[in-house]
Structure formats: C-alpha cells, structure tokens
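Here is how the chains run, residue by residue.
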Amino acid sequence: MDVDVRLVPCLSDNYAVILRDRATEATAVIDAPDAKPIEKVLDAEGWKLTHILITHHHGDHVQGIPALKKKYGATVVGPRAEAAQIPQIDVEVGPADPVAVGGMLARVIETPGHTAGHIVYMFDAEKLLFAGDTLFALGCGRPFERPASVLWASLLKLRELPGDTQLYCGHEYTLANARFSVTVDPKNKALAKRLADIEALRATGKPTLPSTMAEELRTNPFLRADDPAVAEAIGMNGADAAAVFTELRERKNNFKG
Ligand code: ZN
Ligand code: FE
C-alpha cells in the first residue's frame, strides 16, 4: 500500500502526523494540536484533509479541530469514552470499531492511563502505530486519570505489536526521556548508543521519530519493567513488574535532567 506520512511539529513540543492513502487521496491527521502548521503542510502538498483521528481529550491534542473542520469539513474520530470532551466529534470509536481512512484500516486499541479513555490507532497493514501520549520514544505518558499499574497493562498490549511497527507519538520528549532512561538501565548498551544518536539529532533540531517497537523493546525502560536488570538497577530485585513500573514513573516525574 502506498502511503505518505508527514510529521508536523506543533506548539512547543507536540507532533501531529499526516497520513495519506495515495490511491484514494484520503488524508488523515492524527491529533490536532494547532491547525496552522497542519494546514501549511496540506496546502504545500495540495492535499485535502478528510479525517481527524484523536487519541485523547487533552487540549494540546484537540484544540486545532474547529479550524481544521471549518476549512476541510473532515470527519472527526475519537474515543467514545472521551467523546464529551472532544470538540465536534463525528464518530465515536472503541476497540470493536475499525477506522477506515480511504483504503487504510486502523485498529483501535484502548490504552487507559494518561487519560481514562485514551486510544491508539494501529494500521496493521502499514505497520504504523499512532500512540498519542501513551507511549513515547524512550518514555510513556504520565498516568493522570488512571493509576500507573493500569498504564503498565496498556503498554503490555502495545508490546505485542510487530517489532517493525513504526511508532509515532504525540510529543518530542525523546532526549529528556533518554537522559532519564540511562539512569534506570545503566548497563544497556543499545540504550547508551541510542542516547548518543538522539543527542546528535536534537543538536541539529531533527525529529527523533518515528521509532520502531523493536527499538523501544530494547531500550525503553517503561516497556522493560519486567526485566530483572531494570528492577535491579532501581533496587527492586524480584519485585512485581507493575510495582517496578510505578517506581520508574515516580522517578521520572521527579527527574531533573
Ligand atoms: Zn496528553
Ligand atoms: Fe500531550
């Protein structure tokens, strides 16, 4: 399947992602932090927005909806559980509802934690995951509306996805995440190398996305809370994975990198 993907930096550190099916010209944006930069890319390419796929209700993911909808009349798709908080939502979805964008088909995966109704969109055929604020490169979202243990269970679902799945997420937090990650997984050589790569990318203002699930499994401590090396590094040898995850999340909240 021929698809175009464009990462669109928005606000201070958000990303929207534009996804287009060349055959049908259906064009979606995943999350809408700010209409202007999204419109700029669409206009430069001569593309017309047909779908807006929302991962969760936070303002920095939905506030661009009204302007985009006004200009393009795109269909707004979002999590049923957060429908009341998503402006101008047209289609409410849950895990039983496939989301079609032209010839592309996304599966909805419920990933509560950061927010109670957070969903991610997995395009299985294209191997593209749009993870919003659930999973970041080398990090994960803060569990605001559900306990950390619930977010851990959500991340375990994402861990099942194929290793060559490309990961797109809602923010460019990778460098800060990498600096934290090496403190809780200090013997991980792949992680040490990745930190160096990320520092080089960010030094020249380049995005660190997309990542891949295989790379995250090797290096993201928040997907490795059941790895004895991570438990040992934070002094929790033999502890339950959800407890290790909760401690990792706590340390990240307090980390001054
Ligand atoms: Zn958020
Ligand atoms: Fe966000």
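Just above sits the structure.
Residues numbered from 1 in each chain as written. Chains lettered and ligands numbered in written order. Predicted model: local features only at pLDDT ≥ 70, side-chain atom pairs only at ≥ 80, totals over all residues. Heavy atoms only, no water.

Q: If you had to explain helix α5 (residues 174-184) to someone new, which residues and values would you point to?
A: Among the residues making up α5, those that are buried are Thr174, Leu175, Asn177, Ala178, Phe180, Ser181 and Val184. Summarising the contacts, the buried residues of α5 are in contact with β11 (135-136), β12 (139-140), α6 (189-203), α8 (228-233) and α9 (241-254). (Buried < 20%, exposed > 50% of the residue type's maximum accessible area, 1.4 Å probe, protein only. Helix = DSSP H or I, 4+ residues; strand = E, 2+ residues; numbered from the N terminus. Contact = heavy atoms within 4.5 Å.)

Q: Quick one: what's the story with the pattern of salt bridges, residue by residue and with numbers?
A: Side chains bearing opposite charge may pair, as long as their charged atoms lie close to each other. Overall, the coordinates contain 21 salt bridges when judged by the stated rule. For Asp2, the salt bridge goes to Arg22, with nearest N and O atoms at 4.0 Å. Linking Asp2 in the segment before β1 (3-10) with Arg22 in the loop between β2 (14-21) and β3 (27-30), this pair joins segments that are 20 residues apart in sequence. Shared partners join several salt bridges into a network, and the residues in it are Asp2, Asp4, Arg20, Arg22 and Glu25. (Salt bridge = Lys/Arg side-chain N within 4 Å of Asp/Glu carboxyl O.)

Q: Could you give an account of unusual backbone geometry, with specific residues and numbers?
A: Following Leu209, the chain continues into Pro210 via a peptide bond in cis, with omega recorded as 0°. Looking at the element boundaries, Pro210 is found in the loop between α6 and β14 (211-212). Positive phi outside glycine occurs at Leu11, with the angle close to 50°. Here Leu11 is to be found in the loop between β1 and β2. When its relative accessible area of 43% is taken as the criterion, Leu11 is described as partly exposed. For Lys127, which is not glycine, the phi dihedral falls at a positive 55°. In this structure, Lys127 sits in the loop between β9 (119-123) and β10 (128-130).

Q: If you had to explain the coordination of the zinc ion (ligand 1) to someone new, which residues and values would you point to?
A: The protein atoms donating to the zinc ion (ligand 1) are His56 (NE2), His58 (ND1), His114 (NE2) and Asp133 (OD), with metal-donor distances spanning 2.2 to 2.3 Å. Its four donor atoms give the zinc ion (ligand 1) angles of 84 to 173° at the centre, a pattern that matches the irregular case. One chain supplies every donor for the zinc ion (ligand 1), spaced along it as H-x1-H-x55-H-x18-D. Between the zinc ion (ligand 1) and the iron ion (ligand 2), both coordinated by Asp133, there is a metal-metal distance of 3.1 Å. (Donors = N, O, S within 2.8 Å, 3.2 Å for Na, K, Ca; no water. Tetrahedral: all angles 85-135°; square planar, octahedral: opposite > 155°, others 65-115°.)

Q: With reference to specific residues and values, describe the pairing of β3.
A: The two faces of β3 match: Thr27 and Val29 on one face and Ala28 and Ile30 on the other face are all buried. The pairing of β2 with β3 spans four bridges and is antiparallel. When the bridges of β3 are listed, Val17 appears paired with Ile30. What sits between β2 and β3 in their antiparallel hairpin is a turn of five residues, with Glu25 showing a positive phi close to 65°. Chirality of the crossover, the property in question, places the unit of β3, helix α1 (residues 35-45) and strand β4 (residues 51-53) among those that are right-handed. (Pairing = 2+ DSSP bridges. Right-handed = clockwise from strand over helix to strand, strands pointing away.)

Q: Account for the nonpolar core, with residues named and values stated.
A: One finds Leu129, Leu135, Leu155, Leu158, Val244, Phe245 and Leu248 to be the most contacted residues of the largest nonpolar core, which totals 34 residues. Listed in part, the 22 residues of the second largest apolar core include Ala32, Trp47, Ala74 and Ala83. (Core = buried A, V, L, I, M, F, W, Y, C linked by side-chain atoms within 4.5 Å.)

Q: How would you summarise the state of the cysteines if you had to cite specific residues and measurements?
A: Under the criterion given, the structure shown has zero disulfides. Here Cys140 is not cross-linked by a disulfide; its sulfur's nearest cysteine counterpart is in Cys169, at 11 Å. (Disulfide = S-S within 2.5 Å.)

Q: So what's going on with the sheet that holds strand β13 (residues 166-168)? Which residues, and what values?
A: Ordered in space as β7-β8-β9-β10-β13-β14, the six strands form an open sheet in which the pairing is mixed. Sheet topology places β7 (99-101) and β14 at the edges, where each strand pairs with a single neighbour. Bridge count between β9 and β10: three bridges; the pairing is antiparallel. When the bridges of β10 are listed, Tyr121 appears paired with Phe130.

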